[in-house]
Amino acid sequence: MVARFNTRDSGFQTAFQAFLERPRGEDAGDLRATVFDIIADVRARGGAAVAELTSKFDRLEVDPRTLQAEQVNLEGLASQCPPKLRHAIDFAAERIAAYHAAQRPADHSFTDAAGVELGWRWTPLDSVGVYVPGGRASYPSSVLMNIIPAKIAGVDRIVMVAPAPDGQLAPAVAYAADRAGVDTYYPIGGAQAVAALAYGAGDLAPVDKIVGPGNAWVAEAKRQVFGDVGIDTIAGPSEILIIADETANPDWVAADLLSQSEHDPSSQSILITTDAALGDAVARAVEDQLAQLSTQAVAEQAWRENGAIIIAHSLETAAELANRIAAEHLELAIADPDALLPEIRHAGAVFLGHHTPEALGDYVTGSNHVLPTSRAARFSSGLGLYDFIKRMSVQRAGPEGFSALADAAAVLAEAEGLPAHGRSVTIRRN
């Protein structure tokens, strides 16, 4: 039975907090030692270790030097992608490119009252590794979302890794990679692929940042290599939160809730509504639609174990709860979403109105679908162009600017016990 809450109940706050803190997903603790050993092995033996692990886990023989397999050819696989699906990928790629191109920040400089020139410049990363899940899943949209922003940012080298169990890689993934402009593809996956991206293996040179989703092994590997390379985020199970009022269509809301429940048994779908009758109608609609889904087993488990329906006494209360949940996806299925939007501070992505289902954002609005999960939207943002660029500060002082700053700098250097710092300033006074 899905969890039910009402904000007017005396025990609501305690019960709701317990619900928020309930763990979801796999415990990476059991994986840490194994992942550590895999990373150490790849660092020590390079391509030979990657080849052995790929043979063991994916039943695919890759060359220890090139990390390539004869039966996995990206161009050949891409050509097998059906025309209708190619058209959809092209359509999505164009929209994703347009959205992220608009995010490009400008370099800036100014001269302050002391005559010191200050500013900043934005420069792209040199290299990025993109991890794409393989196995039973085929996610061409994730390929586009991770590679296109890097390409637009001006990253020189974009490497994609995606496991190809038994030599199989979805043609849609291959076509999306080719369409997005990946430079090199390696048919490897798991913690060993993350280690190869971070430290190099065979012909695969290390990259500067690793992005892209993966299973618990991949997530733990990204956690362990962080610091030696950059990463995007440690992605958790998918989430959706819908705030709905009496104007919402219960069938539509139910469909949107299930769109995330079907991802994984650990996914979470929550409805907050000001209309108790709508909450009941959505609960019935979810049951009806579950019976029609080919993904029923997964979606039903996620809904029963992690879903919730919350009756809130006002939209303001709903917004407060939404900020505490800080969900990956937030839909405002209400009569006036623009009025409530200023009250929303924490969400990975917000979808306004009855005709903006989260699924549009997954694929074709152009906004990135790589978003913070597990309440990380409280302090982080979704993937974007800015994840593939970095800001350098720039400053220049002439004789007058130097004179205006020197005394304070020398005093601070003395206070911090750093005489060489102070001398580098005072020596210029002559």
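Above: the structure in question.
Reading the values: rules and limits
Residues numbered from 1 in each chain as written. Predicted model: local features only at pLDDT ≥ 70, side-chain atom pairs only at ≥ 80, totals over all residues. Heavy atoms only, no water. Pairing = 2+ DSSP bridges. Helix = DSSP H or I, 4+ residues; strand = E, 2+ residues; numbered from the N terminus. Contact = heavy atoms within 4.5 Å. Axes fitted to C-alpha atoms, helices over the stretch in contact; angles between N-to-C directions. Expected span 1.5 Å × (residues − 1). Phe/Tyr/Trp six-rings, centres within 6.5 Å; stacked < 30°, edge-to-face > 60°. Buried < 20%, exposed > 50% of the residue type's maximum accessible area, 1.4 Å probe, protein only. Lys NZ or Arg CZ within 6 Å of the ring centre and 35° of its normal. Salt bridge = Lys/Arg side-chain N within 4 Å of Asp/Glu carboxyl O.

1. Thoughts on the sheet that holds strand S7 (residues 209-211)
Spatially, the 5 strands line up as an open sheet ordered S6-S5-S4-S7-S8, and their pairing is parallel. Of all strands in the sheet, those bounded by a partner on one side alone are strand S6 (184-186) and strand S8 (230-231). In this sheet, S8 lies alongside S7 in parallel orientation, the contact comprising 2 bridges. Looking at the pairing, Ile210 lines up with Ile231 of S8. Relative to the sheet, helix H6 (residues 140-153) contacts strand S4 (127-131), strand S5 (157-161) and S7, its axis offset from that of S5 by approximately 165°.

2. Re helix H11 (residues 276-290)
Counting along an α-helix, one turn takes 3.6 residues, and residues three or four places apart therefore face a common direction. Over its 15 residues, H11 extends 21 Å from the first C-alpha to the last, a length consistent with the 21 Å expected when each residue adds 1.5 Å. Those residues of H11 hidden inside the fold are in contact with strand S1 (3-6), strand S9 (239-244), helix H10 (250-261), strand S10 (268-273), helix H12 (296-306) and strand S11 (308-311).

3. Examining the packing of aromatic side chains
For the structure on display, the rule yields 3 aromatic pairs. Taken together, a centroid distance of 6.3 Å and an interplanar angle of 80° make the contact between Phe5 and Phe12 edge-to-face. Both residues of the pair, Phe5 and Phe12, count as buried. Sitting above the plane of the Tyr199 ring, Arg43 keeps its charged end 3.9 Å from the centroid.

4. Details of the pattern of salt bridges
What the rule picks out here adds up to 16 salt bridges. The partner of Glu287 in a salt bridge is Arg304, and the shortest N-O contact between them spans 2.8 Å. With a gap of 17 residues between them, Glu287 in helix H11 and Arg304 in helix H12 connect regions that are remote in the sequence. By relative accessible area, which is 34% here, Glu287 ends up partly exposed.

These figures capture arrangement, not role.
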